[in-house]
Amino acid sequence: MSLRRYVHRARKDQDLAAEIESHLAHEQDANAARGLPAEEARRQARLRFGNPRTVREHVWRYRSLLWIEGSWRDLRFALRSLARTPQFAWIAVLVIAVGIGVNTAVFSVINAVLLKPLTYPDPRSLVELRNTSPQGAFPGANIPKFNVWHQQTGIFQQVAAYDFGGAGLNLTGGDHPEQVQGIHVTADYFAMFGAPVIAGRTFTSAEDSPHGGNVVVLSYGLWKSRFGGNSKIVGSTIQLDGQPYLVVGVIGSSFVTATPADLWVPFQFDLNSQDMANYFTVVARIKQGVTVSQANAQLILAADQYRRTYGGEAIPPQGGFSVVSLQEATIGDTRFPLLILLGAVGFVLLIACANVANLLLARASARKHEFSTRAALGAGRGQIIRQLLIESLVLSMSGGLLGLGLGYVGVRLLLNINLGNIPRLGANGASVSLDLNVLLFTLGISLLTGILFGLVPAIGASHPNLVATLNESGSRSGISFSTGKLRSLLVVSEMALALILVIGAALLVRTFYKLQAVDPGFDTHNVLTMAMSVSGDRFQRTAPVAQILRGGTERIRAIPGVLDAAASNSLPLDGGLGMTFDILGRSKGDRPFTGGAGFSSISWRYFSAFQIPLVRGRNFTEDDDASAPGVVIINEAMAKQYWPEGDPLRDRIQIGANAGPAFAELPRQIVGIVGDTHDGGLNRDPFPIMYIPIPQMPDAETALNSRVAPLWWIVRSKVDPHTLVTPISEVLRVASGGLPVAHVRTMDEIEVRAISRQRFNMLFLTIFGVAGLLMAAIGVYGVMSYSVQQRTQELGIRLALGAQASNLRNMVIGQGMALTLIGVAIGIGGAFWLTRLLASFLFEVRVWDPLTFVGTPLLLSAVALMAIWIPAKRATRVDPMRALRLE
Amino acid sequence: MISKKAAAAGEILQGTLDLLILRTLVLGPAHGHTIAQVIERTSENALEVEQGSLYPALHRLEDRGWLSSEWGVSENNRKAKFYRLTAGGRKELSAATKRWQRMTRAIGLILGELNE
């Protein structure tokens, strides 16, 4: 079909008008030629032609796209009609904006975390290598594993390793040494992740071999802040832990990874190493055409090879290797909580839809006359439905636009408060952005909601009973039975949905308070922690570390306001190491006399600094050093689990028997039992932990420890610990011969961070629950006040016949509460069914928590009662005379 | 009944007006009034062009690209819009003529049968 006919319509119409004039003139000429007088000739010409306007309209209409024209007309009409009732329009737009806003907010987080591809080249082919066991799959690798995986050239194109820079590095040289985040990587790391080199180059494989020399690649941030962005830095040397390192390159600022780094140094793996401790992560790029399941099949063979090469102890029985896509690995366990949140905002949107549908139904019944008149004048059913749908789409699109803004601003505010340890959000949630995905999502739900809440009243209004409606004397003769039922149904569903939301939120709030009430087993108040990196060559042996411990502890304790000082290689609630052990004198492998436990190396004042109670035996002392017999202290959980009978204080244990040469531990005598701490998180039961004194660690163990973890200083004070940061850093610098400290945090801060995910879930779900509750309250208020307004006459008659005002009020309240209670009953049922999805989020709160399941419905009913009270009160103020005169 | 039939005889069958216009313009460009007159006279006044549908038909044909038009001065020295057959219009004319002939033949066959 040609589009020609739709363009220049007005010009063509003018042309046609002139053409018709010309035709009439010619006809008139012809008539005059037949001898008619001029006036008659003209008259007959016009008579014969008929009405020129009809012809023009005919052509005009043929040239129009009727549907679009009609919609445009409907749109203008809709805008006019909404403008006539601005209050209604605003309420509807706001309700939709809240519904769409929360959805946009949650979706923009989901988009950033779950949907956007990783920012590396060809991210789909990147996988993380995992150790599988019957308990699950965990990352973590050692050199023997890296060696075996590196040989799988049939499935992997590239294999690279990196650590998390846990120990930190000291950037020395110059007046003020600085602790920096230095990550160890293999040479292929940069190519695999597509790191942009803006100056120099990355490591060669020769530099990544043992004795490859001291080389370093700088990050853009460090290059700018510490070296002023001077490009001559490439080729010069900088001091790391007192050693000169050659700067070979600088990486651009666009390189963002899950493990941020100030600088990178090569691993320089000794591939002959037998060291079995897992202390880094391995990522591989799968060959083109190889699937994840093919790779996993090949890795079963690789695990066999590994077992043959390094012995059966190197890998647990039934253990093996596998890969998981790097995106999945990065997302981790955040997918499910985010989907739960998406479900929750879906509920909020449904409540918003029901609310607006209710408003539209009320409006539609007030406009019955209008529709009947239009139908009587010949408007088709389709035309009326279209008119109403366009009105609701105008509302939903405006609401969507507003909601987009609300949601975007809202999510930025919330993420500024709390990131909940969710990966991929960037600093303060910077990677949560308005991209095409979010815009399309918002557009999509706006259209969908517009159709959803618009269609119900539209269909209801489109088959009016013309005669009945037009014959009705006014619009006050009452709400028709079917619309009334529909509106009640909507209110009941709103109540049910809101109740489910609020119950979910209440369960999380209760969980959060239970978590906060957990006694972590140590005193977090006024405890300052800071990290000292002991990664240099000086600290490959235990003695110098022990010396710093002694000097540092002395000097810190001399500072006024300090109560106690200690050091350790890990902090409670902050992650730590695990090791296996055997109880000497029991048959090996005979459970429960061999097993695993947390492994914490500490200084002798650790328990007093944290106020962890000694249950039995004795504490460590300064004399438990390298020259004294080996000792170990265990916690109560370990005593309970491994000594169901017998006295642990009479036993000796052998730690890390199979963990490779780094753990050349001698047997240790158990000398004490201390109280449990919630090291693995407040929501977990305390697990077994063994504490060993740092001065008694074998040198190889210290060397490994110094590589993977900093030395944490722990200071208890009388005063606000923040005021002590400067003097403590100063004395530690003196005691350590110039080492800086970093990562200064109080234990209170660490505790807050440990429950930030729960706080995040609670915060979001509570906001959604409150939004849903308020909307449902508005919904029941709207329905009841409309019903009171519609029944003014009936109420007036009742009053005239002697009904008491209180009777009327109770009648309205009774009807409103009946709807509420039906909704509550359905909501309780729904919540019983749905809260099991929250089971994994709860702590010491049951899925069917009685308090929540009783208290929340009461709360909802109370809110509903308040909302109903207003129209109920209004019902009592009906003036019988006025009500009757309305007729 | 009879009068109604007689009235109907002069009306142009739906869809045939296009064909008649195209055929008329084979003779050369013409304006609307001339086209109507030519059709009526050629048919020995058996057909009467309803003037209200002539112009919509002309515009439709022009939109389809079968006619082109320009303003000019008529034989009466009046301004008039002249229509001209385009190449596409010629093609359509021969196709439409064939369709028409096939149809009249088919109808003729049926009517002939009935007459016997």
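Note that the structure is predicted; figures quoted are calculated from it, not measured. (Residues numbered from 1 in each chain as written. Chains lettered and ligands numbered in written order. Predicted model: local features only at pLDDT ≥ 70, side-chain atom pairs only at ≥ 80, totals over all residues. Heavy atoms only, no water.)

A tally of regular secondary structure across chain B gives 5 helices and 3 strands. Starting at the N terminus, the α and β elements of chain B follow one another as α-α-β-α-α-β-β-α. Taken over 116 residues, chain B has a buried fraction of 37%. The contacts of chain B with a sequence gap of at least 6 include a subset with a gap of at least 24, amounting to 49%. Counting every atom, chain B has about 7,400 Å² of accessible surface; 55% of that belongs to carbon and sulfur. (Helix = DSSP H or I, 4+ residues; strand = E, 2+ residues; numbered from the N terminus. Buried < 20%, exposed > 50% of the residue type's maximum accessible area, 1.4 Å probe, protein only. Contact = heavy atoms within 4.5 Å. Areas by Shrake-Rupley, 256 points an atom, 1.4 Å probe, with all protein chains shown as cover.)

Right, let's talk about the side chain of B:S74 for a bit. Of note, B:S74 is situated in the loop between β2 (67-73) and β3 (79-85). Sequence-distant contacts of B:S74, defined by excluding residues within four places in its chain, comprise A:H26, B:H31, B:A80 and B:F82.

This part is about helix α9 (residues 292-310) of chain A. All names here are of chain A. With 19 residues, α9 should reach 27 Å at 1.5 Å per residue; the first-to-last C-alpha distance of 26 Å fits that figure. Where α9 is concerned, the buried positions are A295, L299, A302, A303, Y306 and Y310. Just downstream of α9 lies G311, where phi reads positive at about 90°. (Expected span 1.5 Å × (residues − 1).)

Moving on, we come to the pattern of salt bridges. One pass over the full model with this rule turns up 31 salt bridges over all chains. Notably, a salt bridge pairs B:E40 with A:R48, separated by 2.7 Å at the nearest N-O pair. Within this pair, whereas B:E40 is found in helix α3 (residues 32-42), its partner A:R48 is found in helix α2 (residues 38-49), the two belonging to separate chains. Classification of B:E40 as buried rests on a relative accessible area of 12%. Each member of the salt-bridge network shares a partner with another, and the members are A:D15, A:E19 and B:K81. (Salt bridge = Lys/Arg side-chain N within 4 Å of Asp/Glu carboxyl O.)

Moving on: the sheet that holds strand β1 (residues 30-31) of chain B. Residue and element names in this part refer to chain B. Pairing is antiparallel across the open sheet formed by 3 strands, whose spatial order is β1-β3-β2. In this open sheet, the two edge strands, each paired with only one partner strand, are β1 and β2. Two elements, β2 and β3, share 7 bridges in a ladder whose sense is antiparallel. Following the sheet pairing, W71 is matched in β3 by K81. (Pairing = 2+ DSSP bridges.)

Residues and elements named next belong to chain A. Relative to the helices and strands, T876 is located in helix α26 (residues 850-876). What makes T876 buried here is its relative accessible area of 18%. For T876, the contacting residues outside a window of four places in its chain are A805 and R809.

Moving on, we come to the nonpolar core. In summary, soluble globular proteins display a tendency toward joint burial of nonpolar side chains. Counting 205 residues, the largest nonpolar core has A:F156, A:F280, A:I653, A:M690, A:W713 and A:F768 as its most contacted members. Residues within four places of A:W713 in sequence aside, it is in contact with A:L528, A:T529, A:M530, A:M532, A:I548, A:L549, A:G552, A:T553, A:I556, A:A566, A:A567 and A:L732. (Core = buried A, V, L, I, M, F, W, Y, C linked by side-chain atoms within 4.5 Å.)

Looking now at the interface of chain B and chain A. The interface of chain B with chain A comprises 28 residues on the first partner and 22 residues on the second. Taken as a group, B:Q51, B:Y55 and B:D63 account for 33% of the area that chain B buries against chain A, more than any other trio of residues on that side. One salt bridge in this structure joins A:K12 and B:D63, with 3.6 Å as the shortest N-O distance. Viewed at the interface, chain A and chain B are joined by 11 residue pairs in polar contact (both at pLDDT 80 or more). Elements with a minimum of two residues in the side of chain B that touches chain A: α3, α4 (51-63) and β3 of chain B. (Buried area = accessible area lost by both parts, 1.4 Å probe. Polar contact = N/O pair within 3.5 Å; in protein donor to acceptor, adjacent residues only side chain to side chain.)

So, about the confidence of the model for chain A. In the predicted model, chain A carries a mean pLDDT of 86, and the fraction of residues at 70 or more is 94%. With pLDDT under 50 throughout, residues 473-481 of chain A is counted as low confidence; its partners more than four residues away or in other chains account for 13 contacts. (pLDDT = per-residue confidence, 0-100.)

Looking now at the confidence of the model for chain B. Residues and elements named next belong to chain B. Across chain B, the average pLDDT comes to 81, with 84% of residues at or above 70. By mean pLDDT, the top-scoring element of chain B is β3 (91), and the lowest-scoring one is helix α1 (residues 2-10) (41). Here residues 1-9 is a poorly scored stretch, pLDDT under 50, and it has 1 contact once near neighbours within four places are set aside; other chains count. Under the prediction, the complex receives an ipTM of 0.84, its pTM being 0.75.

As a further point, take unusual backbone geometry. All names here are of chain A. In this model, D122 sits at a positive phi of 40°, which is unusual for a non-glycine residue. Residues other than glycine seldom take positive phi values, yet Q611 does so here, at roughly 55°. A relative accessible area of 45% places Q611 in the partly exposed class.

This part covers helix α24 (residues 792-800) of chain A. All names here are of chain A. Among the residues of α24, T792, L795, G796 and L799 are the ones counted as buried. The buried residues of α24 occupy one face: seen down the axis, they fall within an arc of 100°. Of the residues flanking the end of α24, it is G802, one or two places downstream, whose phi is positive at about 105°. (Arc of directions from axis to C-beta.)

Another aspect to go through is the pairing of strand β6 (residues 182-185) of chain A. Residue and element names in this part refer to chain A. Burial along β6 is two-sided: the residues G182 and H184 and I183 and V185 are all buried. Relative to strand β11 (residues 263-266), β6 runs parallel, the two being bridged by 4 bridges. Looking at β11, one finds that V185 is bridged to P266.

This brings us to a nonpolar patch on the surface. Residues and elements named next belong to chain A. Together, W90, L94, V98, L402 and L406 make up a nonpolar patch on the protein surface, roughly 470 Å² of accessible area in all. Counting only elements with at least two residues in the nonpolar patch, the list comes to α5 (86-115) and α13 (381-417). Among the elements that line the nonpolar patch, the one with the most residues is α5, at 3 residues. By the element assignment, L406 lies in helix α13. (Patch = residues over 30% accessible without salt bridge, like charges linked within 9 Å, V, L, I, M, F, W, Y side chains within 5 Å.)

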